[in-house]
Amino acid sequence: QVQLVESGGGLVQPGGSLRLSCAASGITFSIYTMGWYRQAPGKQRELVADFTRGGKTNYADSVKGRFTIARDNAKSTVDLHMNSLKPEDTAVYYCNARISLTPTLGHDYWGQGTQVTVSS
């Protein structure tokens, strides 16, 4: 029943821009921290940006100043605006929804992933 449906991935040239979008259903969207993660070949999945239920945004140092995360609670969507793309941004990008059920127990939902390729 829970679904995180992503769109917007593709092939772009260095210096280009791309916007990813994630539409959530089956969850009470407003109480989740929403985020974008990415995983490059041979590397661990890493946080790109997140947007807490309280309105706080956080960015990885590698994307700071180039990427912007935005959420729309009325539409249950979270977007990632990517500018000045670099080849090292190439990865599978995943939408994430996280909730803390207790101080020691939480749960994550993940999208299917969307490929972003920045050509050399």
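Definitions and limits used
Numbers given for residues are sequential positions, taken from 1 along each chain in its written order. In keeping with the model being predicted, local features are shown solely for residues with a pLDDT of at least 70 and side-chain atom pairs are shown and tallied solely at 80 or more, while totals for entire chains, interfaces and linings include all residues. Calculation of side-chain values draws on the structure's entire complement of heavy atoms; hydrogens and water are dropped beforehand. A helix here means a DSSP run of H or I that spans at least four residues, while a strand means a run of E at least two residues long, and both kinds are numbered starting from the N terminus. A 1.4 Å probe rolled over the protein chains alone gives each residue an accessible area, and that area as a share of the maximum for its type sets the label: buried under 20%, exposed over 50%, partly exposed in between. Two strands pair if DSSP finds at least two bridges between them. Every axis in this analysis is a line fitted to C-alpha atoms, fitted for helices over the stretch in contact. Angles between the N-to-C directions lie between 0 and 180 degrees. Aromatic rings from Phe, Tyr and Trp, taking only the six-membered ring of Trp, are treated as a pair when their centres fall within 6.5 Å; an angle between ring planes under 30 degrees marks them as stacked, one over 60 as edge-to-face, and anything in between as tilted. Any Lys NZ or Arg CZ found within 6 Å of a ring centre and within 35 degrees of that ring's normal is scored as a charge over the ring. When checking whether two residues touch, look at their non-hydrogen atoms; a contact exists if any pair is within 4.5 Å.

Student: A description of unusual backbone geometry should follow, citing residues and the corresponding values.
Tutor: Here the phi dihedral of Ser76 falls at roughly 55 degrees; this positive angle occurs in a residue that is not glycine. With respect to the helices and strands, the residue Ser76 is situated in the loop between strand E7 (67–72) and strand E8 (77–82). Residue classification places Ser76 among the buried positions, given a relative accessible area of 17%. One non-glycine residue with positive phi stands out, namely Ser84, at about 50 degrees.

Student: Just give me the short version of the sheet that holds E8, but keep the residues and values in it.
Tutor: Overall, antiparallel pairing links the four strands, which are arranged E1-E3-E8-E7 in an open sheet. The open sheet terminates on both sides in strands that have one partner only, identified here as strand E1 (3–7) and E7. Going from strand to strand, the sheet's axes swing by 15 degrees on average, the running direction of each strand aside. Here strand E3 (residues 18–25) pairs with E8 via six bridges, running antiparallel.

Student: Break down the packing of aromatic side chains for me, with residues and values.
Tutor: Pairs of aromatic rings are described using the distance from one ring centre to the other and the angle between the two planes. Applying the stated criterion across every chain, the model contains three aromatic pairs. Relative to Trp110, the ring of Tyr94 lies with its centre 6.5 Å away and its plane at 90 degrees, an arrangement referred to as edge-to-face. Of this pair, Tyr94 sits in strand E9 (residues 91–102) while Trp110 sits in strand E10 (residues 105–110), placing them 16 residues apart in sequence. On the basis of relative accessible area, Tyr94 is assigned to the buried category, the value being 14%. Counting every residue linked through ring pairs, the aromatic cluster contains Tyr37, Tyr94 and Trp110. The aromatic ring of Tyr94 is capped on one face by Arg45, whose charged end is 3.8 Å from the ring centroid. We note Arg45 situated over the ring of Trp110; from NZ or CZ to the ring centre the distance is 4.6 Å.

Student: How would you explain the environment of Ser84 if you had to name every residue and give the values?
Tutor: Structurally, the position occupied by Ser84 is in the loop between E8 and E9. For Ser84, a relative accessible area of 41% gives the class partly exposed. Sequence separation between Ser84 and Ala97 is 13 residues, and the spatial gap between their C-alpha atoms is 26 Å. Ser84 has contacts with Gly15, Gly16, Ser17, Arg66 and Asp89, leaving out every residue within four places of it along the chain.

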